[in-house]
Amino acid sequence: MNINNITKLLKAYFYENWQNDLIFNFVIILAIALFSMLMSPFDTGVTSFAAVILMVYYPCRLFSKLQSPSSRMHYLMIPATNAEKVVTGMLLANIYYVFGIALSFVIGLLLGFGLAKIFNPDLMFTSDLFKSAFPSSWMSVLLLYTSIAIAFFAAIYFRKSPFWKLLLTGFVVSTVLGLITTVTVWLNAKAVLPAGSFSRNYIKTESYITSGKDWFPYVLCCITIVYCYAMSFLRMRETEA
């Protein structure tokens, strides 16, 4: 893997796409944040949702050239290895774009607060403005990067319409897991509860989750991230073949 090739790929990307990123992504978040502050100061829920959607969708834009045979051939013929292209995409998706969205978010909030202050002089600036705008825990940050990693792999794996195929896959998997969980709980409750109590909606729940298992979600997210990027390398190699 050649660092110079990765640098050249980054320069080529910025040369071709900086205007699109600035106008169609960062300005959108800035405008949504500004408008949200004017309509409902300190309510950043809509802007946060839009920011997450854009960050998850971004990997699908990164590999949009894989969708058609002609553009895919052009992309694969770029003088860089597939590993270098994947690493470049990882840097763009996990650092550049996340930072750009976050910066646009902050600027939009500050501008919105300044305009709202003009119409409402009694409005006071507090740190709650940024607390509600950004993830409140490391788990939230890890879930965001897990979602980006899954979308990254989906963009390379599906090629055509990866975002919608990812949403459809997520819906199907969630539905199946929900049904399995519901049936399992129902069968366990029917087997364990005293006779006659099940028909009276008598369900006793008890939490067996201990503090010693708090690490499991973090480990699961980390494993998912590593798996998705590892599979992205392999899928890109298959694409070339």
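Residues numbered from 1 in each chain as written. Predicted model: local features only at pLDDT ≥ 70, side-chain atom pairs only at ≥ 80, totals over all residues. Heavy atoms only, no water.

1. Quick notes on the packing of helix α1 (residues 3-39) against helix α2 (residues 45-62)
Packing of α1 against α2 leaves a shortest axis separation of 9 Å and a crossing angle of 165 degrees. Judged by the angle between their axes, α1 and α2 are roughly antiparallel. Seen from above, α1 lies across α2 with right-handed handedness. Here Tyr-13, Asn-20, Asp-21, Asn-25, Ile-29, Ile-32, Ala-33 and Ser-36 of α1 come into contact with α2, specifically with Val-46, Thr-47, Ala-50, Ala-51, Leu-54, Tyr-58, Arg-61 and Leu-62. Considered class by class, the residues forming the contact of α1 with α2 number 10 nonpolar, four polar and two charged. (Axes fitted to C-alpha atoms, helices over the stretch in contact; angles between N-to-C directions. Helix = DSSP H or I, 4+ residues; strand = E, 2+ residues; numbered from the N terminus. Parallel < 35°, antiparallel > 145°, perpendicular 65-115°, else oblique. Left-handed = near helix turned anticlockwise from the far one by under 90°. Contact = heavy atoms within 4.5 Å. Nonpolar A, V, L, I, M, F, W, Y, C, P; charged D, E, K, R; others polar.)

2. Section: the packing of aromatic side chains
As enumerated under the stated definition, the model contains 14 aromatic pairs in all. Seen from their ring centres, Tyr-157 and Phe-158 are 5.2 Å apart, and the 85 degrees between their planes marks the pair as edge-to-face. Take Tyr-157: its relative accessible area is 39%, and that puts it in the partly exposed class. Among the residues examined, Phe-158 registers a relative accessible area of 24% and is labelled partly exposed. Grouped by ring-pair contacts, the aromatic residues Tyr-13, Phe-14, Phe-26, Tyr-58, Tyr-96 and Tyr-97 constitute a single cluster. (Phe/Tyr/Trp six-rings, centres within 6.5 Å; stacked < 30°, edge-to-face > 60°. Buried < 20%, exposed > 50% of the residue type's maximum accessible area, 1.4 Å probe, protein only.)

3. What to know about the nonpolar core
Counting residues in each nonpolar core, the largest one holds 46 residues, and the members touching the most others are Met-55, Phe-63, Ile-101 and Met-236. At the level of secondary structure, the elements contributing two or more residues to this core comprise α1, α2, α3 (69-76), α4 (82-119), α6 (138-158), α7 (162-192) and α8 (216-240). Considering each element in turn, this core owes the most residues, 11 residues, to α6. Those residues in contact with Ile-101 that lie beyond four places of it in its chain are Asn-25, Phe-26, Ile-29, Ala-51, Leu-54 and Met-55. (Core = buried A, V, L, I, M, F, W, Y, C linked by side-chain atoms within 4.5 Å.)

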